[in-house]
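Each chain is listed here by its residues.
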Amino acid sequence: MTPAINRAKKAKIRHRIHEYAHDPGAESYGLEAATKLKVDPAQVFKTLVVSLDGLQLAVGIIPVESQLSMKLIARAAGAKKAEMADKQLVQRSTGYVLGGVSPLGQKKPLPTFLHDSAKSHDSLFVSAGRRGLEIELAPQDLLALTRGTFANLCQ
């Protein structure tokens, strides 16, 4: 079990775990998950960690085929500027390796924003805490567990 799975179990929310054989040569972990799990890529979300004004980290959860807008996540977080966080800092703060960062069960809870498109899905897939492992849950449950909010995050 990963901290993400344990968090979902402890909260007693409905979820499903999906495992697949991860290919270390895959160019996109999220698209690999969609392909191997045979689900619409619009339903598979990636977890990105950004630095806000160089002071605080935040999480943006967006569809795997989308690009995170730094302006939009900064605006959603009430910051002036956002940039991708340093990889080492991400791993230390979340407790997860890149490509397996889950929005759930992070070492330190971070402000979390889920792209608006998640509203159109009954369930979505996010990393369960390691490469090749996804957790499927309702968008509202993801927001409840992360204390997150919906926001327009993509260009």
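Draft legend 1. Main features of the pattern of salt bridges. As enumerated under the stated definition, the model contains five salt bridges in all. Between Lys-81 and Glu-83 there is a salt bridge, with its nearest N and O atoms 4.0 Å apart. Note that Asp-116 and Lys-119 form a salt bridge whose closest N and O atoms lie 3.9 Å from each other. Under the relative-accessibility criterion, Asp-116 is labelled partly exposed at 29%. Given the relative accessible area of 55%, Lys-119 is considered exposed.

Draft legend 2. Spotlight on the sheet that holds strand β7 (residues 133-137). Read from one edge to the other, the open sheet built from three strands follows the order β1-β7-β6, with strand pairing classed as antiparallel. Edge strands, defined here as strands with exactly one partner in the open sheet, are β1 (15-19) and β6 (124-130). Mean inter-strand twist for the sheet, computed between neighbouring axes without regard to direction, equals 30°. Here helix α5 (residues 139-146) sits on the sheet and contacts β6 and β7; the angle it forms with β7, its principal contact strand, is near 105°.

Draft legend 3. View of the pairing of β7. Among the five residues in β7, five count as buried, and that is most of the element. Residues Leu-133, Ile-135 and Leu-137 line one face of β7 and the alternating positions Glu-134 and Glu-136 line the opposite face, and both faces are buried. Pairing geometry for β1 and β7, over five bridges, is antiparallel. Bridge pairing links Glu-19 to Leu-133 in β7. Across five bridges, β6 lies against β7 in antiparallel orientation. The residue bridging Val-126 from the neighbouring strand is Ile-135, located in β7. Adjacent in sequence and paired antiparallel, β6 and β7 are bridged by two residues, among which Gly-132 carries a positive phi angle near 90°.

Draft legend 4. Structural context of helix α3 (residues 70-77). When we look at burial in α3, the residues that qualify are Leu-72, Ile-73 and Ala-74. Trailing α3 by a residue or two, Gly-78 shows a phi angle of about 75°, which is positive.

Draft legend 5. The arrangement of the packing of aromatic side chains in detail. Here the structure, examined in full by the defined rule, presents zero aromatic pairs. The lysine or arginine in question, Lys-119, covers the ring of Phe-150, its NZ or CZ lying 5.1 Å from the ring centre.

Draft legend 6. Seen up close, the environment of Asp-23. Tracing the sequence through the fold places Asp-23 in the loop between β1 and α2 (29-37). The sequence separation of Asp-23 and Leu-98 amounts to 75 residues, and the corresponding C-alpha distance is 14 Å. If we skip the residues at most four places from it in the chain, Asp-23 touches Glu-32 and Lys-36.

Draft legend 7. Expanded view of the nonpolar core. Ranked by internal contacts, the top residues of the largest apolar core, which has 26 residues, are Val-49, Leu-114, Val-126, Leu-137 and Leu-142. Among the secondary structure elements, those contributing two or more residues to this core are α1 (3-11), β2 (45-52), β3 (56-63), β6, β7 and α5. With residues up to four places along the chain from it excluded, the contact list for Leu-137 reads Ile-13, Arg-14, His-15, Leu-104, Ser-123, Leu-124, Val-126, Leu-142 and Leu-145. Counting 14 residues, the second largest nonpolar core, distinct from the first, contains Leu-48, Ala-58, Ile-73 and Ala-79.

Thresholds applied
- Residues numbered from 1 in each chain as written.
- Predicted model: local features only at pLDDT ≥ 70, side-chain atom pairs only at ≥ 80, totals over all residues.
- Heavy atoms only, no water.
- Salt bridge = Lys/Arg side-chain N within 4 Å of Asp/Glu carboxyl O.
- Buried < 20%, exposed > 50% of the residue type's maximum accessible area, 1.4 Å probe, protein only.
- Pairing = 2+ DSSP bridges.
- Helix = DSSP H or I, 4+ residues; strand = E, 2+ residues; numbered from the N terminus.
- Axes fitted to C-alpha atoms, helices over the stretch in contact; angles between N-to-C directions.
- Contact = heavy atoms within 4.5 Å.
- Phe/Tyr/Trp six-rings, centres within 6.5 Å; stacked < 30°, edge-to-face > 60°.
- Lys NZ or Arg CZ within 6 Å of the ring centre and 35° of its normal.
- Core = buried A, V, L, I, M, F, W, Y, C linked by side-chain atoms within 4.5 Å.

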